[in-house]
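# Inside the fold
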Amino acid sequence: FLLTTSVLRIAMNLPAALYSIYWIRHLEATDLWIGWQSTTSQIATIFGYAFWGRIIGRRGHFRPLLICTAGIGLYPVLTALVPSQAWLPLVSIIQGFFVTGVNLSFFDTLLAVVPTERRPSFVSVNTMLASLMIFVSPLIGSALASWIDIRGVFFTAAAIHLAAVVGFWVFRVADEAA
């Protein structure tokens, strides 16, 4: 669980510090369009929680986790490919919608895989590792951007998302049948 979720957390956070730089420098995004991007992402998150909550309740966590992990991987790719700031709100819908399925699956799966009597210890280790990935990954992404450009980091993050999908599949993370 920790290995595969860490891979996804690296993928999600590797380009995190670079998005706003990219929006401003490459797409010449104004405050208005960045605001619309944030707004549509938050609205998609609301709908995503309702949608993925129902799907996970009916079908379990495994397939939604695979779909949502791949779906979030589209966000950095599409961001790198959009020709103008006007596309930012549409692209952000993908990120907001799919991140909710990952969040729901991670939390419920964590509770399912840890022994009840040791849950506080396991949850704290998971939280510590997640925080470490959230802290270190953007630093690595910024360093990589000086070598392979911001778009290269976006595509690298997407490739790591695919590696996370494979990891979830191979290790059957969140698969109730496993």
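Heads up: these notes are all about the structure in this document. (Residues numbered from 1 in each chain as written. Predicted model: local features only at pLDDT ≥ 70, side-chain atom pairs only at ≥ 80, totals over all residues. Heavy atoms only, no water.)

Our next topic: the overall build of the protein. When you go through the protein residue by residue, the secondary structure sums to 6 helices and 0 strands. Helices (α) and strands (β) of the protein occur, in sequence order from the N terminus, as α-α-α-α-α-α. Scaling as 2.2 N^0.38, a compact globule of 178 residues should have a C-alpha radius of gyration of about 16 Å, and the protein matches this with 17 Å. Viewed in the frame of its principal axes, the protein has a C-alpha envelope of about 50 × 35 × 25 Å. (Helix = DSSP H or I, 4+ residues; strand = E, 2+ residues; numbered from the N terminus. Rg over C-alpha atoms; globule rule 2.2 N^0.38 Å.)

To continue, consider unusual backbone geometry. Residues other than glycine seldom take positive phi values, yet E28 does so here, at roughly 55°. Mapped onto the elements, E28 comes out in the loop between α2 (19–25) and α3 (31–59). The backbone phi angle of R172 is positive, close to 55°, even though this residue is not glycine. For R172, a relative accessible area of 30% gives the class partly exposed. (Buried < 20%, exposed > 50% of the residue type's maximum accessible area, 1.4 Å probe, protein only.)

With that settled, consider a positive patch on the surface. A cluster of basic residues, R54, R58, R59 and R63, forms a positive patch on the protein surface. Looking at which element gives the most residues to the positive patch, the answer is α3, with 3 residues. Mapped onto the elements, R54 comes out in helix α3. (Patch = residues over 30% accessible without salt bridge, like charges linked within 9 Å, V, L, I, M, F, W, Y side chains within 5 Å. Areas by Shrake-Rupley, 256 points an atom, 1.4 Å probe, with all protein chains shown as cover. Salt bridge = Lys/Arg side-chain N within 4 Å of Asp/Glu carboxyl O. Lys, Arg positive; Asp, Glu negative; His and termini not counted. Charge placed at Lys NZ, Arg CZ, Asp CG, Glu CD.)

Our next topic: the side chain of S137. Mapped onto the secondary structure, S137 falls in helix α6 (residues 119–171). Classification of S137 as buried rests on a relative accessible area of 2%. Excluding residues that lie within four positions of it along the chain, S137 makes contacts with R9, I10, N13 and L14. (Contact = heavy atoms within 4.5 Å.)

Here we take up α3. Taking 1.5 Å of rise per residue, the 29 residues of α3 would be expected to cover 42 Å, and the 40 Å separating its terminal C-alpha atoms lies within 8% of that figure. Taken together, the buried positions of α3 are occupied by Q37, T40, S41, A44, T45, G48, W52, I55 and I56. Where the residues of α3 are buried, they touch α2, α4 (62–81) and α5 (88–113). (Expected span 1.5 Å × (residues − 1).)

Below, the discussion takes up α4. Taking 1.5 Å per residue, 20 residues should reach 28 Å; α4 reaches 30 Å between its end C-alpha atoms and fits that length. Here α4 lies mainly inside the structure; 14 of its 20 residues are buried.

A word on the packing of α4 against α5. Viewed as axis vectors pointing N to C, α4 and α5 meet at an angle of 150°, and their least axial separation amounts to 8 Å. Regarding the angle of α4 to α5, the classification is roughly antiparallel. Crossing angle aside, the handedness with which α4 passes α5 is left-handed. Contacts from L65, I67, C68, T69, G71, I72, L74, Y75, L78 and T79 in α4 reach V91, S92, I94, Q95, F98, V99, G101, V102, S105 and F106 in α5. (Axes fitted to C-alpha atoms, helices over the stretch in contact; angles between N-to-C directions. Parallel < 35°, antiparallel > 145°, perpendicular 65-115°, else oblique. Left-handed = near helix turned anticlockwise from the far one by under 90°.)

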